[in-house]
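# Survey of secondary and tertiary structure
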There are 4 protein chains.
Amino acid sequence: MNFDIIRTARAILHVTDLEKSRDFYLRGLGFIETESDNSTIYLRGLEEHVHHSLVLKKADTPAVEVMSYKVRSEADLDSLAVFFEQRGHKVKWLEEGTQHAVGRAFRTQDLSGLPVEYFAKMDTVERMLQRYDLYQGAKVQRIDHFNNMVPDVEKAHDFYINALGFACSEYTASEEGKIWAAWLHRKPSVHDVAFMNGQGPRLHHIGFWLSDPMSLIHGCDVLASIGYSDSIERGPARHGLSNAFFLYLRDPDGHRIELYNGDYLTSDPDFKPVRWDFNDKRRQTFWGAEAPDSWFNEASTVLDVHTGEPVKIEAAKLKQHKPVFVI
Amino acid sequence: MNFDIIRTARAILHVTDLEKSRDFYLRGLGFIETESDNSTIYLRGLEEHVHHSLVLKKADTPAVEVMSYKVRSEADLDSLAVFFEQRGHKVKWLEEGTQHAVGRAFRTQDLSGLPVEYFAKMDTVERMLQRYDLYQGAKVQRIDHFNNMVPDVEKAHDFYINALGFACSEYTASEEGKIWAAWLHRKPSVHDVAFMNGQGPRLHHIGFWLSDPMSLIHGCDVLASIGYSDSIERGPARHGLSNAFFLYLRDPDGHRIELYNGDYLTSDPDFKPVRWDFNDKRRQTFWGAEAPDSWFNEASTVLDVHTGEPVKIEAAKLKQHKPVFVI
Amino acid sequence: MNFDIIRTARAILHVTDLEKSRDFYLRGLGFIETESDNSTIYLRGLEEHVHHSLVLKKADTPAVEVMSYKVRSEADLDSLAVFFEQRGHKVKWLEEGTQHAVGRAFRTQDLSGLPVEYFAKMDTVERMLQRYDLYQGAKVQRIDHFNNMVPDVEKAHDFYINALGFACSEYTASEEGKIWAAWLHRKPSVHDVAFMNGQGPRLHHIGFWLSDPMSLIHGCDVLASIGYSDSIERGPARHGLSNAFFLYLRDPDGHRIELYNGDYLTSDPDFKPVRWDFNDKRRQTFWGAEAPDSWFNEASTVLDVHTGEPVKIEAAKLKQHKPVFVI
Amino acid sequence: MNFDIIRTARAILHVTDLEKSRDFYLRGLGFIETESDNSTIYLRGLEEHVHHSLVLKKADTPAVEVMSYKVRSEADLDSLAVFFEQRGHKVKWLEEGTQHAVGRAFRTQDLSGLPVEYFAKMDTVERMLQRYDLYQGAKVQRIDHFNNMVPDVEKAHDFYINALGFACSEYTASEEGKIWAAWLHRKPSVHDVAFMNGQGPRLHHIGFWLSDPMSLIHGCDVLASIGYSDSIERGPARHGLSNAFFLYLRDPDGHRIELYNGDYLTSDPDFKPVRWDFNDKRRQTFWGAEAPDSWFNEASTVLDVHTGEPVKIEAAKLKQHKPVFVI
C-alpha cells in the first residue's frame, strides 16, 4: 500500500433542528462548539486540536452525509483516490475551499455502499483539554470510531484489511463460523470502524471516547436533568467485546451516539484478533441489562456521495437474529 | 416515646448452600467474614465496628428469619417490648447468650407481619475501613436499609412514624392519592426501612451502602469475572427517588441485595418528605433501563418469629400494576 | 440535657471583595447562590434544602463573625440559652426578622471564646441535588464541620461532650497523654466540630462534604483552570484520622476551606473513640505530601459576638510543635 | 528510515531483594506475575498480551540493565542494528533463546549513553483485562514510557526525532530558549520516552498507565495500608505538561515508578508540539504540592550493555536549578 490512513476523523450528520441538536451535544455531551452559522454547527471534543470531529447540517430528513478518515499526506490522498478508481469506485473530489476548515478531499461509496471521505488536512484550533472550567455533561474527549450495519461483513472485513491496511482487534463468529461482526483499526485502539451483520449499509453509531467512567455516569445524570433520559437507549454497562464501558444514546434525530471508555492498546503486529462466539453472552453484555430491540434494528440512513439520495438497503447475508441469550 | 431506635442493624437470611453464598458475598460484594461455622456465616461491611450486619444460616429453603434494629439502651429495649405487647404484638425474648455476639433481644411480628428484632448490644470488632488491601469486589461499607413489600403501605407508614418514631424522607403517591410506597428513617439518611405496595409481607431487598459510584462499577466487573453476571437484575442506574445510584443483585438463593450510593442528610425536622407521582418516570428511573418484571414481582419469603413457618401472603390493597411508563 | 443540637448549620465569614469570593465559591467550589445583595452572598450546597450554609459579608478585614448550629425546636433553643446564661456565658438574642432567612437566634462566646450561634429555623428552598446540569467545580454538597484552634483542647472537649451532648469519634493524644485534638459530633458522622491544640481561639477551617472522590479531583482541575492553583494549600491526600479524602483551600481572603469525602457512620453509643498517637504519621497523612507550615500556623480571626472586635488570642496550653515525622 | 519502532516495551531493573519487590509490585501496584525463578520475576500489566513489561533481576546493587523498545519486524530489527553501527554505536546481539520469552535482540548505548535494547518478538500470554477479580492495588494496565535525565537534552531530542523517527508532543524551553526537556513518542500517546536536563545518563522513572484516576487513589490507599506510604514521593497531582494525573513512587530499591493517567491522542502529523516555559508553574504542577528535592536530584544508575558497569555520569549542559516557582 502506498497510502496511510491515520484514523477516523469526523462525520457529517443531517439533522432537522439545529437548536435541539446544539442543546443535546453541548450541554448533554459536552462538545465544544468551534463555529456555526444558520445551517451548520461544527463540534469538537475536549482534547481535539482540530477544527471539528462532528458536523451537524440542517436538513429536512435525518441522514448521514459522509464518514471521514484522515490520511497522512496529500500524496497518500492521491494514491488512495487512484486506488479506489482502479477498483471501480467512482471518486468525487472536493477541492480546498469547498469545505470549511478542511483541505482537499475526495468522497466515494465504499464496497458496502457506505459514503466515505478522505482528507489530509484540517484547520487546527485551541485544544480545550486543560480548560476544565468548560467541561460539561459527559465531557466528550474525541471521536473514536464508526460502527456500521452491512449485509456482508466478511466482504467489508477483507476489503478494509487487505486493501486499506486496517487490522482486526476482535470479531464475532456466527454459529456457522462466518464473521458476524468485526472491529478494525488504523490508530492502535480497538477500532476506527466496525461492521456488524444487518440490513444495510447503515450507520449504527458513532463512538466518542471519554477519559474515565465517572464522566459517563455524570453524563447520564446531566442528560436526565435536562430532559434527555429517554435518549438513553442502552447502558451504562460493559461489553465483553472491546472491554468498553458504554452508553448508547439517540440524538434528537435518532442518530445513535456511543459514549465509550475502556479501550486498550493494539499497536503490536503479534496481537491476535480476539474471537467471540455469537452466543457468548459476555460478548455483548459482560454485565448489564439486555439490549432493546431498537438497538438491533434501527440505524441511520446513509446518502450517496454522488446523488445525495439515500443508499438502497439490502438484507443481511447472514441470518439476522438476536443472540439466543436475549430470547 | 420512651424508646430510641437507632438504625437498621442486621438481617438473618436462610440460604441453601453456604459455600456458594460465601463466594458471592465475599469475593463479589466484598464483605468481611467475621466468623463462621458449619451452619452460619457472620458478615460485616468494611466500616462496621460491630460483629456483623448480615447472617447467613444454612437451611433447606431460602427465607428471611428476621430483620433487626438496634436501640440505644437496654432500657429502650424494655420499653419497646412493653409497647409492642400493649399493642397486641406477641413478643419473644432471646436472652443474652442465646444468639452469638448479640445481647438480649426480642422478636415480634410487626403490624404488616414482618419478622423484626430489636437489641441494644452487639460485640464490637476491628474496623477494616483502613485495611484497603482487604477491599474486594463491590467494597460493601455498611448495612443501610430494608425494603419490604406489604399489602397496606399506608398502615405501615403510619405505624412506623406515629408509633415507632421514624420520619418520612420521600414517598410515592398512587393515582388515587394514596401512599404507594414510603421511605422512612431513624438515622439521618434517606431510609432505614421502606415499604412498597405489593403482595406481602415479603422482603424486597436489603440495601448496603457503598462509599462511591466507582465501587459499584468495579463490583459489576468483578461479579461478571467470577460468573455472576446473571445475578445482576437491574442497574446500574439512578433512582429519582432517594437519588440512589443503585444496583440490584439476586444472591445464589434469590435474595435481593441493593448496592446503594448517593444518599443525603435528613437530620432536620423541617425536611419535608419529597412527594413523587406514581407515573413520574424519573421516580423509579431517573435514567437507566426499565426494571424487569422480576423486580416488581419477586421477593423473599419471611418467617414467623414464633413458629418459624412462612408468613401468609396477602394481596396488595392498592391495585398492583407496573407504572404506565414501563408498559 | 433538655436541648438537642442537631448539627453544624452555617458560618458567616467577613470577606473583602464579594466578586472575588463569588467566583471562587461558585465556579471553583460549586456552591449554589441562593440570594445576594451589595453586601452579602448566601450560599448553599447542592443537596441542601435550607436557604444557606455559608454567608459572605463584605467587610474591611477578613474575619469569622459566627459559627452556627441548628437545634431541634424553639423550646430547645430557649433551654440552651438558659443553660449558657447559667454557666456565665452572656447571651445575645437576635429576634426573628433580624437575620435574613433565619428564625430567632442567640449568640454567645463558647468557653474557648469562639463566637457561636444557635437557631431552630431557617427558610427552606429548592434542593438542587438532581439538577446535575448546575453542578460546577468541586460540586460541594453540604456543610459538614468546623475545625478550631484553641489553647485548651481538653477543656473544650469536656464541655462539648458533658455539657452540650456531643460524642467523640476520634482524638489525638499528645506525648504526655493529654488530648491534643478531638473530633466531636451530634449528627452521626465523624464530626460537627473539631478542636486542635494551638494559638486561639481561631477558626482553622470549615469542612464541606463532597459525594465522591472524583468531585474533589475535578474540583482541583477546575480551580487550576480558572487561576486558583495557588489556593490549594494541602492535598489531595487521605487523613488516617476520620479516613477523610481531603483538600485544603484558602479562599481569596485566606479563610481555609476543607473539601471532604470519606466519612463513616457514628450512630452507635458503643462506638469507642479512635485514639491516635500524636507522632503516628498515618494520623495526619495516611498517604500524601506533608502539610506545609501555613497549615499548622495560620487560621482565621474570630470576632466577639457582643463587641464585634477580634477575640484575644492566647498561646496553646500544650507545647506547640509539628509532629516529629514532619521535621 | 527503513525501520519502524513501535513502542516502549519493557525495562530490566536490578533489585536487591526479590521478595520485597514482589510485594510492592504485585500487592501495591497490581502487576500480574507471569513467571519467576530464584533470580528473576517477570511482570505484566492487566491489559498486556505479551509475556512481560518489567523484569526484576536479583543483584547486589540497584541499577537499570536495559530499556527495551519493540520494532515491527525482524527486518526492521536488522536495519536498525545496521543504522546504529553505521553511527558508531557498538551493537551487542542476543540471539533467540538467550533471553527468556524474547526473540533475538540487540543492545547498544544510545547517544546519551543510555542502555537500550530492540527486539521484534516476545511470547504472548493470556490477557487479564477482563479478570477483574485479579485486580489489585493500583491496577497497573500497561507500560507507557521511560523518562531519562541526560546532560544534553537537545542532542537526544534531535537524534530521536531525526534519526529514529520519534515525534515530539510537548517540550520545555529553558530561559535561554534551549530545550530543557522533551516528550517524544512512536505510539500515538504523549510519549514513549522523555528526556530532562540533568546529571546523567540516568533513568528518572518508568511510567505505567492506569485506566482511570480512581485506580490511582485506590493505589495510594492500598500502598499505605500495607506499609508503603513512605514510598509515595510526589502526588497525586496533575502535570500541565502531558495533562498527566500522576503519582511518583520509589520502589524498595529506590527505582522511581510513575502511575500515569490522562494522556491524549497524538496520531496526527499536524499536531504541533506544545511549548512550556521553564518557569510556568502549571507545567510541572497544574495543581498539587511542589515536588520534593529528591524528585529533581535522584535517579537510577544505568549500566553499560557491554561491560555491565555503571555508565559514567556527566553534569547537565544547561544550568541545573529548580524552577523559580519552587524557591
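All of the points below concern the structure found in this document. In this text, all values refer to a predicted model and were calculated from it rather than measured experimentally. (Residues numbered from 1 in each chain as written. Chains lettered and ligands numbered in written order. Predicted model: local features only at pLDDT ≥ 70, side-chain atom pairs only at ≥ 80, totals over all residues. Heavy atoms only, no water.)

## Here's the deal with unusual backbone geometry
Cis geometry is found at the peptide bond from Gly200 of chain D to Pro201 of chain D, where omega equals 10 degrees. Within the secondary structure, Pro201 of chain D sits in the loop between β12 (193-197) and β13 (202-209). In the Ramachandran plot, Asn243 of chain A falls in the positive-phi region, its phi being about 60 degrees despite a non-glycine side chain. Looking at where Asn243 of chain A falls in the secondary structure, it is placed in the loop between β14 (232-238) and β15 (245-250). (Helix = DSSP H or I, 4+ residues; strand = E, 2+ residues; numbered from the N terminus.)

## A few points about the sheet that holds strand β6 (residues 92-94) of chain B
Residues and elements named next belong to chain B. Spatial strand order, β2-β3-β4-β1-β5-β8-β7-β6: eight strands in an open sheet with mixed pairing. Both edges of this open sheet fall to β2 (32-36) and β6, since each of them pairs with a single strand only. On average, each strand axis in the sheet is inclined to that of its neighbour by 25 degrees, with strand direction left out of account. As defined by bridge partners, β6 adjoins strand β7 (residues 105-109) across three bridges and the pair is classed as antiparallel. Bridge pairing links Trp93 to Phe106 in β7. (Pairing = 2+ DSSP bridges. Axes fitted to C-alpha atoms, helices over the stretch in contact; angles between N-to-C directions.)

## Overview of the interface of chain A and chain C
Each partner contributes to the interface: chain A provides 14 residues, whereas chain C provides 14 residues. Both sides of the chain A and chain C interface together cover about 1000 Å² of buried area, and 59% of this is carbon and sulfur. The three residues of chain A that bury the most area against chain C are Tyr132, Asp133 and Ser225 of chain A, which together make up 44% of that side's buried surface. Scanning the region where chain A abuts chain C turns up two salt bridges. (Contact = heavy atoms within 4.5 Å. Buried area = accessible area lost by both parts, 1.4 Å probe. Salt bridge = Lys/Arg side-chain N within 4 Å of Asp/Glu carboxyl O.)

## Considerations on the environment of Val125 of chain A
Residue and element names in this part refer to chain A. With respect to the helices, strands and loops of the structure, Val125 is situated in the loop between β8 (115-119) and β9 (142-150). Judged by its relative accessible area of 26%, Val125 falls in the partly exposed class. Between the C-alpha atom of Val125 and that of Phe24, which follows or precedes it by 101 residues, the distance is 23 Å. Not counting the four nearest positions on each side in its chain, Val125 is found in contact with Thr34, Arg44, His49, Val50 and His51. (Buried < 20%, exposed > 50% of the residue type's maximum accessible area, 1.4 Å probe, protein only.)

## Brief notes about empty space enclosed by the protein
A water-sized probe, rolled over the atoms, reveals where empty space remains. Scanning the model with the defined rule gives 16 cavities of 30 Å³ or more in all. For the lining of the second largest cavity, the secondary structure elements donating two or more residues are α4 (213-225) of chain B together with α4 (213-225) of chain D. (1 Å grid on protein atoms, 1.4 Å probe; cavity = no way out; pocket = protein on both sides within 12 Å on 5 of 7 lines; lining within 4 Å. Points joined across faces, edges and corners; volume = space filled by probe spheres on them.)

## Some details on the interface of chain A and chain D
Each partner contributes to the interface: chain A provides 36 residues, whereas chain D provides 36 residues. Buried area between chain A and chain D, both sides added, is near 2900 Å², and the carbon and sulfur share of it is 52%. Connecting chain A to chain D are six salt bridges. Secondary-structure elements contributing two or more residues to the side of chain A that touches chain D are β1 (5-15) and β17 (274-277) of chain A. Broken down by class, the residue content of the side of chain A that touches chain D amounts to 14 nonpolar, eight polar and 14 charged. (Nonpolar A, V, L, I, M, F, W, Y, C, P; charged D, E, K, R; others polar.)

## Topic: the environment of His100 of chain B
Residue and element names in this part refer to chain B. Along the polypeptide, His100 turns up in the loop between β6 and β7. Separated by 23 residues in the primary sequence, His100 and Asp123 place their C-alpha atoms 9.0 Å from one another. Ignoring any residue separated from it by four or fewer positions in sequence, one finds His100 in contact with Glu35, Tyr42, His51 and His52. At a separation of 2.9 Å, a polar atom in the side chain of His100 contacts the side chain of Glu35. (Polar contact = N/O pair within 3.5 Å; in protein donor to acceptor, adjacent residues only side chain to side chain.)

## What to know about the sheet that holds strand β6 (residues 92-94) of chain C
All names here are of chain C. Pairing is mixed across the open sheet formed by eight strands, whose spatial order is β2-β3-β4-β1-β5-β8-β7-β6. Edge positions in the open sheet fall to β2 (32-36) and β6, since each of these has one partner strand only. Taking each pair of neighbouring strands and ignoring which way they run, the sheet shows an average axis angle of 25 degrees. In the sheet, strand β3 (residues 40-44) pairs with strand β4 (residues 54-58) via four bridges, with the strands oriented antiparallel. Bridging across to β4, Thr40 finds its partner in Lys57. Lying over the sheet, helix α1 (residues 18-28) contacts β1 (5-15), β2, β3 and β4, oriented at roughly 160 degrees with respect to β4.

Nothing here speaks to function; it is all geometry.
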